[in-house]
Amino acid sequence: MNILIIEDEKRNAKLLERLLLEIDSTYIINGPLVSVEETVAYLNSNNQPNLILADIRLTDGLSFEAIRQSGTDAPIIFTTAYDEYAIKAFKFNSFDYLLKPIDIDELRAAIKKVTKTKIYTQNNNIQELIAQMQENNLNYRERFLIPWRDGYRCVMVNDINHIVLKNRIVTVQLNNNTSLNIPYTMDELEKQLNPKVFFRANRQYLININHILSISNYFNNRLIIRLKGYGNEEIIISRDKVTEIKAWLDK
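Residues numbered from 1 in each chain as written. Predicted model: local features only at pLDDT ≥ 70, side-chain atom pairs only at ≥ 80, totals over all residues. Heavy atoms only, no water.

### Observations concerning the side chain of His-211
Rules: A run of DSSP states H or I qualifies as a helix once it reaches four residues; a run of E qualifies as a strand once it reaches two. Both are numbered from the N-terminal end. We call a residue buried when its accessible area falls under 20% of the maximum for its residue type, exposed when it is over 50%, and partly exposed in between, using a 1.4 Å probe and counting protein chains only.
Assignment of secondary structure puts His-211 in the loop between strand S14 (205-208) and strand S15 (212-218). In this structure His-211 comes out as buried when scored by relative accessible area, which is 14%.

What follows is the structure, given as structure tokens:
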């Protein structure tokens, strides 16, 4: 079986490839493709795969758009980091989905399902899927269930001041000056959070527009941002990102 992986997280792509080869070492794995543009170009210039495994959110948009533009009729299994409550829009006979982190038994069952029943995509279903996700505001996270002490803690996205990566640990900094470690990468969080509210200031910081305290010029055409409640923390915006963050703020 020829399988195409569409996934912009290198770690997730490697995991998928490893699990697929554990299921069947004869699988031929192509990809990973990391963007809508790259996926459309690949599908329009290569033989159609027997199966596509596609992350929903890519570097430049949703994988749905790549499927729609290319017109592929290959069976598709979407992968997503969203909780099950947030993906009721997937109740179509034309698709299957898996929640991250991917479980090998669930992956094996999904492959068996799509290959046995010959589930194929249809562009009208892609459009309906996108419409339902938008209607139900399912595009972005509203809350996180985070391991905490001997249980869990539910954190609302509105309570997040910023998110920081230090010493390879990702931490959610809350408006009440408490913090929690969170089991996601910064790249995963950037895709899950509403880009109108959260901005990837640099490799280390995701900031909430509602909690910006000040914006100051810095040498070499950079900026410094300080956040409410965390005024001593200086977040430096590089020259490459200055135009982008100004456009984000000036809406």
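### Some thoughts on the pairing of strand S6 (residues 76-80)
We count it as follows: At least two bridges found by DSSP between two strands is the condition for calling them paired.
Burial runs high along S6: 5 of the 5 residues are buried. Burial along S6 is two-sided: Ile-76, Phe-78 and Thr-80 facing one way and Ile-77 and Thr-79 facing the other are all buried. The pairing of strand S3 (residues 51-55) with S6 spans 4 bridges and is classified as parallel. The partner of Asp-55 across the bridge, within S6, is Thr-79. Alignment of S6 against strand S7 (residues 96-99), held across 4 bridges, turns out to be parallel. Its bridge partner being in S7, Thr-79 is matched across the sheet by Leu-98.

### Some points on helix H4 (residues 104-117)
We apply this condition: Given a helix with a known number of residues, its expected span is that number minus one, times 1.5 Å. Working note: the arc is built from the helix axis to C-beta atom directions. Note on contacts: a residue pair is in contact if any heavy atoms of the two residues lie within 4.5 Å. Two N or O atoms count as a polar contact when they lie within 3.5 Å, although within protein this holds only if one can serve as hydrogen donor and the other as acceptor, and sequence-adjacent residues are included solely when both atoms are side-chain atoms.
Over its 14 residues, H4 extends 20 Å from the first C-alpha to the last, a length consistent with the 20 Å expected when each residue adds 1.5 Å. Restricting attention to buried positions, one finds in H4 the residues Leu-107, Ala-110, Ile-111 and Val-114. Around the axis of H4, the buried residues are gathered within 100° of arc, so they sit on the same side. H4 presents Lys-112 and Lys-116 as exposed residues on the side facing more than 90 degrees away from its buried surface. Buried residues along H4 sit against helix H1 (10-23), S3, S6 and S7. Where H4 begins, the capping side chain belongs to Asp-103, and its oxygen is found 3.0 Å from the backbone nitrogen of Asp-105.

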